[in-house]
Amino acid sequence: MRQDPKTRNNYYSMLTRKMVLIMLLVSVIPMLLVSWSILYEFRTSYREKVFDHLCELVQKHTQGIDGFLKERLADIRFLAETFGFEDLSDESFLRDRLETLQKDYGPVFVDLGVINARGLQVAYAGPFRLERALYSSAPWFKNAMKTRYFISDVFLGLRGLPHFIVAVRENWNGEAWILRATIDFGAFNRLVENIQVGRTGFAFILNTHGELQTKAHEDIFRDTKTYMSLLKRTRSQKNRMTIVEARDFSGKKKIYVSTLLKDGQWMMVFQQDAGDAFSEFKGTRTTALVIILLGALAIATVALILSKMMVDRIARADREKERMNEQVIQAGKLAVIGELAAGIAHEINNPVAIMVEEAGWIGDLLQDEQFQNSANLEELKRAVGQIRTQGRRCKEITHKLLSFARKTDPRIQDVGVNDLIKELIQFSEQRAKYARVTINTRLQEDLPFVRASQSELQQVFLNLINNALDAMEKEGGILNITTHLQGDYLVVEVSDTGPGIPEANLQRIFDPFFTTKPVGKGTGLGLSICYGIIKKMGGEINVKSALGKGTTFTITLPTEPRTASGQSGGIQNTSSAKESHHE
Amino acid sequence: MNNGAQKPLKLLLIDDEKGFVEVMSKRLSKRNIQVTKALSGTGGIQALRGEDFDVAVVDLKMEDMDGLEVLKIFKTMVPQMPVIMLTGHGSEEAAREGIRLGAFDYLTKPCELEELVQKIHEAVGARR
């Protein structure tokens, strides 16, 4: 049954590993699943929120810019419709108007110009020397002539600076004329530049050919393809707005928000690094991951400690079980030996009886007169006596065997242990004197009763006392017998100052037929009988021994709740048969 | 040594151990007890049919018949005859049962002869 410690340790460490693994699986997996789904949900809603926010932002600004353009156009329209070609052709009047406009709106309007149908600038007010400039071949002029109101793309024009033109076409005397104003590029650009989100979010405007309408930004020119597809997409969109997440030329993930303005001629694009846009989410995610990691770590630690503890407990239980098994085996051994012994004892009893009687018969015959003169009479008598003595010894042995095996008369009664011990000491006093052994007792008063068979308990104590006396026979010594109460258990200690029992023998001391006494002196049954009796009572018998110092037997017996005070008369009724094993 | 002076006691000894019965009868007759030997319960019953005895000694454990059965039959046949039982060590329970059934007493085997003789006289004395 006993495994070697290495296999056993392997088994326990495997058990620990399994338990840790299972605990980790059942706790970490749900945690991860929950965390992941929460994070996923959070990410989705956060993304939506960011997108919504960006869309709103871009829309607002688009409307603002659209509004700005329309207002500028309205300003020019107002001028053209209020004053007419003649007034405005007067350059000083035109300058006044420009000043008024600049006073109202700041330096948004750079200059004003009146152009006739042939493209000649008939009047000009502004910082450049553009009087009488001819615009007949300029694309903006051609476009402006086609529609009543016109806002041009940004272009360099005659002055070589980026600018754009707001123009209104009116009729005077059946001929078309145009009032145009140059809008300061910087002022316009600032409107767009104001859109700044996070570290990397910025906006710009493109025309339908993908040409930049605002100040250049370092990355824009390299991503024209993206913008063209964006334009296509935005145009197909109902609300003329689109938001996508895509990788740019360098493979960086970016968010693009685009919307059309200026009646679909321009497209405002807002772009931001996805990482930047979701930076808050990333922070949250990092925090969450750290928490999850710490949680997992805590779980792992707890799982490890818990498993260790449980496996320790299992190991202890296993050891306990093994001990129990050994005890069961011991008890089984006792039972088998008991049956065997009973059989042998019965078989032996009859021949021994005959032998003893035949010897007695010889003894009888020797008393006849014819033998009285025999020279060897005394020797014969001695021999007969010896046969009878040895026969009696056989009888003792068989009786011991039988009392060991006997399905005892199980008359369990209340036994006062102290009285029992006192009586047994009286039995043994003579022998103790002979062996130069002093018997000391320290018996606790008012001990409770023990439920036991009187004769069995007697047998146990007598056995222990006899063994102790045997052990001290050569040198003499002290026999200590103490009783005391320990919780609900009565503890009896029988200790001698004999030579002690070697470790190797100590383990076998309760085995049947184990004896260290010389051949013929002991049957080796005494202690195994004691063991059987005490176990049957639900008690314990233990032995401690130190070589050269002595041996102590400790018996623990379960007690009755009542006390045994005044109990002394219950031990007298021992039958003659039972007395025989006290000899 | 008052062998001739007194009329010997008549004893019926029933035990299936022949050696035991032989030696016992010799030793008892030397003590002025005349023994009729029976090696089985049935043999004992037959012997009792033929004559009267002062006392019977019956082994409790025999092959053909339980000693207690023999005792019961004896008690119906000759209720006034005392019966002493012999029992192995450890079978005292059966012996006590025997006493309940009317046996005079019991002795544990192997017993001292003197003890048995004393018991026999006690039993006979009690009857008289």
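Predicted model only: the values in this text are computed from it and were never measured.

A word on the overall build of chain B
When helices and strands are tallied, chain B shows 5 helices and 5 strands. Each helix (α) and strand (β) of chain B, taken in turn from the N terminus, gives the series β-α-β-α-β-α-β-α-β-α. Here chain B, with 128 residues, has 41% of them falling under the buried criterion. Here the analysis covers contacts within chain B between residues at least 6 apart in sequence; of these, 59% occur between residues at least 24 apart.

A few points about the overall build of chain A
A tally of regular secondary structure across chain A gives 14 helices and 17 strands. For chain A, buried positions account for 30% of its 583 residues. In chain A, of all internal contacts separated by at least 6 residues, the share reaching a separation of at least 24 is 65%.

Digging into the sheet that holds strand 9 (residues 253–261) of chain A
Residue and element names in this part refer to chain A. Judged by pairing direction, the sheet is antiparallel, and its 5 strands sit side by side in the order 6-7-10-9-8 without closing on themselves. Each having just a single partner strand, strand 6 (196–197) and strand 8 (241–247) make up the two edges of the open sheet. Strands strand 7 (201–207), strand 8, strand 9 and strand 10 (266–273) of the sheet are contacted by helix 5 (residues 224–236), whose axis makes an angle of about 50 degrees with strand 9.

Observations concerning the interface of chain B and chain A
Across the contact, 17 residues belong to chain B and 22 residues belong to chain A. Looking at the side of chain B that touches chain A, the elements that each hand over two or more residues are helix 1 (18–29) and helix 4 (92–100) of chain B. Per-element tally for the side of chain B that touches chain A: the top contributor is helix 1 of chain B, with 6 residues. For the side of chain B that touches chain A, the residue count by class is 5 nonpolar, 5 polar and 7 charged.

Here we look at the pairing of strand 17 (residues 550–558) of chain A
All names here are of chain A. The pairing of strand 15 (residues 489–495) with strand 17 spans 7 bridges and is classified as antiparallel. Looking across to strand 17, one finds that Tyr489 is bridged to Pro558. Note that strand 16 (residues 540–546) and strand 17 share 7 bridges and pair antiparallel. Bridge pairing links Ala546 to Gly550 in strand 17. Count of turn residues in the strand 16/strand 17 antiparallel hairpin: 3 residues, of which Gly548 carries a positive phi of about 85 degrees.

Concerning the sheet that holds strand 1 (residues 109–116) of chain A
Strand-to-strand pairing in sheets goes through backbone hydrogen bonds, with the strands running parallel or antiparallel. All names here are of chain A. One open sheet accounts for 5 strands, arranged 2-1-5-4-3; its pairing is antiparallel. Two strands close off the open sheet at either side, each with one partner strand: strand 2 (121–125) and strand 3 (149–151). Each neighbouring strand pair of the sheet contributes to a mean axis angle of 15 degrees, computed without reference to strand direction. Of the pairings in the sheet, the one linking strand 1 to strand 2 comprises 4 bridges and is antiparallel in character.

So, the nonpolar core
All names here are of chain A. Counting 59 residues, the largest nonpolar core has Leu179, Met268 and Val269 as the members making the most contacts within it. With 9 residues, the top contributor of residues to this core is helix 1 (residues 5–89). Of the domains in this structure, domain 1 (5–186) and domain 2 (195–277) are the two that each give at least three residues to this core. Beyond its immediate chain neighbours, meaning those up to four positions away, Leu179 contacts Ile76, Leu79, Ala80, Leu88, Val114, Ala167, Val168 and Glu170.

Points about the packing of helix 2 (residues 41–50) of chain B against helix 3 (residues 67–77) of chain B
Residues and elements named next belong to chain B. At a closest axis distance of 10 Å, the pairing of helix 2 and helix 3 adopts a crossing angle of 10 degrees. What the angle tells us is that helix 2 and helix 3 run roughly parallel. Of the two elements, helix 2 crosses helix 3, and the hand of that crossing is right-handed. Contact residues: helix 2 offers Gly41, Gly44, Ile45 and Leu48, while helix 3 offers Glu69, Val70, Ile73, Phe74 and Met77.

Describing the confidence of the model for chain B
Averaged over all residues, the pLDDT of chain B equals 86, while 93% of them reach at least 70. The ipTM, which scores confidence in the relative placement of chains, is 0.85 for this predicted complex, and the corresponding pTM is 0.48.

What to know about the pairing of strand 7 of chain A
Each regular strand shows side chains that alternate between the opposite faces of the sheet. All names here are of chain A. Alignment of strand 6 against strand 7, held across 2 bridges, turns out to be antiparallel. Paired with Gln196 across the strands is Phe202, a residue of strand 7. In textbook terms, the turn of a hairpin is the stretch between consecutive antiparallel strands, and for strand 6 and strand 7 this stretch comprises 3 residues, one of which, Gly198, has a positive phi near 60 degrees. Relative to strand 10, strand 7 is paired through 6 bridges, and the arrangement is antiparallel. Across the sheet, residue Phe202 finds its bridge partner in strand 10, namely Gln271.

Examining unusual backbone geometry
Residue and element names in this part refer to chain A. The phi angle at Lys262 is positive, at roughly 50 degrees, despite the residue not being glycine. With respect to the helices, strands and loops of the structure, Lys262 is situated in the loop between strand 9 and strand 10. Positive phi, normally seen in glycine, also occurs at Asp446, with a value near 55 degrees. Within the fold, Asp446 resides in the loop between strand 12 (437–443) and strand 13 (450–452).

Focus on the environment of Gln459(A)
Residues and elements named next belong to chain A. Here Gln459 shows up in helix 11 (residues 454–471). Residue Gln459 is classed as buried on the basis of its C-beta count, with 23 C-beta atoms lying within 10 Å. Once the C-alpha coordinates of Gln459 and Cys530 are considered, the two residues, 71 residues apart in sequence, prove to be 7.4 Å apart.

Some remarks on the confidence of the model for chain A
Residue and element names in this part refer to chain A. With 88% of its residues at a pLDDT of 70 or more, chain A has an overall mean of 82. When pLDDT is averaged over each element of chain A, strand 15 comes out on top at 93 and helix 14 (residues 576–579) at the bottom at 34. Segment residues 563–583 is flagged for pLDDT under 50; beyond a separation of four residues in sequence, or across chains, it makes 35 contacts in the model.

Cut-offs used in this document
Residues numbered from 1 in each chain as written. Chains lettered and ligands numbered in written order. Predicted model: local features only at pLDDT ≥ 70, side-chain atom pairs only at ≥ 80, totals over all residues. Helix = DSSP H or I, 4+ residues; strand = E, 2+ residues; numbered from the N terminus. Buried ≥ 20, exposed ≤ 12 C-beta atoms within 10 Å, placed from the backbone. Contact = placed C-beta atoms within 7 Å. Pairing = 2+ DSSP bridges. Axes fitted to C-alpha atoms, helices over the stretch in contact; angles between N-to-C directions. Nonpolar A, V, L, I, M, F, W, Y, C, P; charged D, E, K, R; others polar. Core = buried A, V, L, I, M, F, W, Y, C linked by C-beta atoms within 7 Å. Domains from an automatic or database assignment. Parallel < 35°, antiparallel > 145°, perpendicular 65-115°, else oblique. Left-handed = near helix turned anticlockwise from the far one by under 90°. pLDDT = per-residue confidence, 0-100.

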